[in-house]
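A closer look at the structure
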Amino acid sequence: MNNDFYEKKSGVPLVNKILMVASVLCVCATIVVFIFFNKHQKNKNNTNRENGTDNSVSDTNPTAEPTQSIVLDVIVPAEKTIATRFNPPSGYTRSTLSGGSFGDYLRNFDLREYSAKPLAYDTTTKTQITNDTLPSVSVLDLDLINKTNLQEASNSLIRLYAEYLYGQNRFNDISFNLLTTPVFKCDFKTWSEGGRLIQENNSITWCIEHGDHCTHKDVDTGTAYGVFKYYLQNVMLHSNVSSLPSNMKTVQLNDLTVGDVIYHADSNIPEIIVDMAEDSSGNKICILARGGTPASEIYIVRNESNTDLNPWHEVNKLLAGATFYRFK
């Protein structure tokens, strides 16, 4: 047997050996690259999930849920002011008010705890009682001027406007016409300088020089809050719903804003707009406040016909037979 035959068959050319080694190296390199890339992609996805930016597509939920807009509660009981306790309903935006204006003052008025009920003057006991029968959503954090029956419905509005002017140190602008014949202008400037009122029948005059001819003793002067409150007591003593229009001017429906007064002759209880909002079509809604007769603390009026809007009221539904006023 020829041994050369087997030696030739068993021999592998050098070129073939090189090609075999190269093939093995290529396969190994491919496996290494695949493992590295797969590990890198997993790390990237994990990082995106941690950062909330995972853009990977899920087979179980291929369609992302739409983003939902935040709907605010209309009433937030824990808040302390009109502006923060009552949000406009969805689709409405608060009207723009000038900083320092009467409207801005009312919109940001402090409120008592949400559970509070207005105190009212009880004509039977001559004391103050909690009146939970009033349509009250919240109560303004403002005590009655005293424990008598002076601060009735119309005088409540005088109180709010006077408090606003006093807080602005606009002492010379505090002035109200009294229910007298002829109309008497009672201004806080004269009062703060020591002037007091003398009434004869239905006529009132100033008493400036106090002496034996009058009953005014130990007259306090200046602009201290106690002097201001005593002035308001005297204004309210000679004011009612009939004299209220003499302190205001009429306004038109299209001009209504926060701080304006809505008066229905059939109810005899004027209400004041303490906030306002409108939608993109110009439809207006407002929040109303009022006092009571007999005297009660000023409260936000509940919307009893539309609980979804409460305490907001559609302006167009408040207008039948109403007259609109604005303090001068």
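No experiment lies behind these values; they were computed from the predicted model shown.

Helix and strand counts for the protein chain stand at 7 helices and 15 strands. The proportion of buried residues among the 328 residues of the protein chain is 41%. Accessible area for the protein chain stands at about 19400 Å²; split by element, carbon and sulfur atoms hold 52% of it.

Core analysis: the largest hydrophobic core is formed by 71 residues, its most contacted members being Phe-86, Phe-176, Tyr-231, Ile-272, Ile-300 and Phe-327. The leading source of residues in this core is helix H5 (residues 153-167), at 8 residues. In contact with Phe-176, not counting residues within four places along its chain, are Ile-158, Tyr-161, Ala-162, Phe-184, Lys-185, Cys-186, Tyr-231, Val-235, Asn-247 and Phe-327.

As enumerated under the stated definition, the model contains 19 aromatic pairs in all. Between Phe-102 and Tyr-105, the aromatic rings sit 6.3 Å apart at their centres with planes inclined by 20°, giving stacked as the arrangement. One end of the pair is Phe-102 and the other is Tyr-105, both in helix H4 (residues 102-107) and 3 residues apart, which spans about a single turn. Ring geometry for Tyr-161 versus Phe-327: centroids 4.5 Å apart, planes at 5°, classification stacked. Of this pair, Tyr-161 sits in helix H5 while Phe-327 sits in strand S15 (residues 322-327), and the two are 166 residues apart along the sequence. Per residue, the accessibility class of Tyr-161 equals that of Phe-327, and both read buried. The structure contains a cluster of three or more aromatic residues connected by ring pairs, namely Tyr-166, Phe-171, Phe-188, Trp-191, Tyr-225, Phe-228, Tyr-230 and Tyr-231.

In this structure the tally under the stated criterion is 13 salt bridges. Residues Asp-141 and Arg-112 are paired through a salt bridge, measuring 3.3 Å at the closest nitrogen-oxygen approach. With a gap of 29 residues between them, Asp-141 in the loop between strand S4 (136-139) and H5 and Arg-112 in the loop between H4 and strand S2 (119-122) connect regions that are remote in the sequence. The class for Arg-112 is buried, based on a relative accessible area of 19%. Two residues, Arg-170 and Asp-173, come together in a salt bridge whose shortest N-O distance is 2.9 Å.

What follows covers the environment of Ser-115. Within the fold, Ser-115 resides in the loop between H4 and S2. Since its relative accessible area comes to 62%, Ser-115 is described here as exposed. C-alpha separation for the pair Ser-115 and Pro-77, spaced 38 residues apart in sequence, amounts to 8.5 Å.

Next up on the list: helix H7 (residues 225-237). Its 13 residues give H7 an end-to-end C-alpha distance of 18 Å, which sits within 8% of 18 Å, the value for a rise of 1.5 Å per residue. Listed in full, the buried residues belonging to H7 are Val-227, Phe-228, Tyr-231, Leu-232, Asn-234, Val-235 and Met-236. Turning to H7, the residues buried within the fold contact H5, strand S5 (175-178), strand S6 (184-187), helix H6 (188-192) and strand S7 (196-200).

Mapped onto the secondary structure, Ser-154 falls in helix H5. Look past the residues within four positions of Ser-154 in its chain and what remains in contact with it is Asn-240, Val-241, Leu-244 and Pro-270.

On to the packing of H5 against H7, then. Two numbers describe how H5 lies on H7: the axes approach to 11 Å, and their chain directions differ by 150°. Taken as axis vectors, H5 and H7 run roughly antiparallel relative to one another. Read as a crossing pair, H5 and H7 show a hand that is right-handed. Contacts between H5 and H7 pair Asn-155, Ile-158, Arg-159, Ala-162, Glu-163 and Tyr-166 from the former with Tyr-225, Phe-228, Leu-232, Val-235 and Met-236 from the latter. Per-class residue counts for the contact of H5 with H7 are 8 nonpolar, 1 polar and 2 charged.

Analysis parameters
- Residues numbered from 1 in each chain as written.
- Predicted model: local features only at pLDDT ≥ 70, side-chain atom pairs only at ≥ 80, totals over all residues.
- Heavy atoms only, no water.
- Helix = DSSP H or I, 4+ residues; strand = E, 2+ residues; numbered from the N terminus.
- Buried < 20%, exposed > 50% of the residue type's maximum accessible area, 1.4 Å probe, protein only.
- Areas by Shrake-Rupley, 256 points an atom, 1.4 Å probe, with all protein chains shown as cover.
- Core = buried A, V, L, I, M, F, W, Y, C linked by side-chain atoms within 4.5 Å.
- Contact = heavy atoms within 4.5 Å.
- Phe/Tyr/Trp six-rings, centres within 6.5 Å; stacked < 30°, edge-to-face > 60°.
- Salt bridge = Lys/Arg side-chain N within 4 Å of Asp/Glu carboxyl O.
- Expected span 1.5 Å × (residues − 1).
- Axes fitted to C-alpha atoms, helices over the stretch in contact; angles between N-to-C directions.
- Parallel < 35°, antiparallel > 145°, perpendicular 65-115°, else oblique.
- Left-handed = near helix turned anticlockwise from the far one by under 90°.
- Nonpolar A, V, L, I, M, F, W, Y, C, P; charged D, E, K, R; others polar.

The quantities given are spatial measurements derived from coordinates; they are silent on function.
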